[in-house]
Amino acid sequence: MNRDKLPDDNFELAALIDRYVKGERERAILKRRLIDLILFEPLAEEFDMSVRGIQNVVYRAEEQLFRNLK
């Protein structure tokens, strides 16, 4: 995954996440991770999931996002 392709502007990043990531929960988790820079453990508590579950969601959502960034 190439995080260098991510825009610096949070509004633009949020719009890209909304456009390319499927699933409301997945979009919310990825926004909290990439925009708010929340670590996996606090995300797991916030979304009432295991840390591994959060990691799986983030990695899948990042793949959806990065696949569409050129």
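Below or above, wherever it landed, is the structure these notes cover.

Below, the discussion takes up the side chain of Q64. Locating Q64 in the fold gives a position in helix α4 (residues 51-68). With sequence-adjacent residues up to four places away left out, Q64 is seen in contact with Y20, V21 and K22.

Bringing the pattern of salt bridges into the picture now. Oppositely charged side chains can form a pair if their charged atoms are brought close together. Under the defined criterion, the tally for this structure stands at five salt bridges. When the shortest N-O distance is used, the salt bridge between R32 and D36 registers 2.9 Å. In this structure, the salt-bridge partner of E63 is R67, at a minimum N-O distance of 3.6 Å. With a gap of four residues between them, E63 and R67 both fall in helix α4, about one helical turn apart. You can call E63 partly exposed: its relative accessible area is 44%. One connected set of salt bridges, linked through shared partners, spans R32, D36 and E46.

Another aspect to go through is the packing of helix α1 (residues 10-20) against α4. One can describe the packing of α1 onto α4 by two numbers: an axis separation of 9 Å at closest approach and a directional angle of 105°. If you check the angle between α1 and α4, you find them roughly perpendicular. Listed contacts from α4 to L13, L16, I17 and Y20 of α1 are Q64, L65 and N68. Of the residues in the contact of α1 with α4, the class split is five nonpolar, two polar and no charged.

Criteria and cut-off values
- Residue positions within a chain follow its written sequence, with the count starting from 1.
- Where local features are concerned, this predicted model is filtered to residues with pLDDT of at least 70; where side-chain atom pairs are given and counted, the filter is 80 or more; whole-chain, interface and lining totals use all residues.
- Hydrogens and waters are ignored; side-chain quantities use all the structure's heavy atoms.
- Put simply, DSSP marks the helices as runs of H or I at least four residues long and the strands as runs of E at least two long, and each gets a number from the N terminus on.
- Should any heavy atoms of two residues lie within 4.5 Å, those residues are counted as being in contact.
- Whenever a carboxyl oxygen of Asp or Glu lies within 4 Å of a side-chain nitrogen of Lys or Arg, that contact is scored as a salt bridge.
- Relative accessibility thresholds used throughout: buried, under 20% of the residue-type maximum; exposed, over 50%; partly exposed, between the two (1.4 Å probe, protein chains only).
- Each axis is a line fitted through C-alpha atoms, and for a helix only the stretch in contact is used; angles between axes span 0 to 180 degrees, taken between their N-to-C directions.
- Here the word oblique covers every angle except those under 35 degrees (roughly parallel), over 145 (roughly antiparallel) and from 65 to 115 (roughly perpendicular).
- For this classification, Asp, Glu, Lys and Arg are treated as charged, while Ala, Val, Leu, Ile, Met, Phe, Trp, Tyr, Cys and Pro are nonpolar and the rest, including Gly, are polar.

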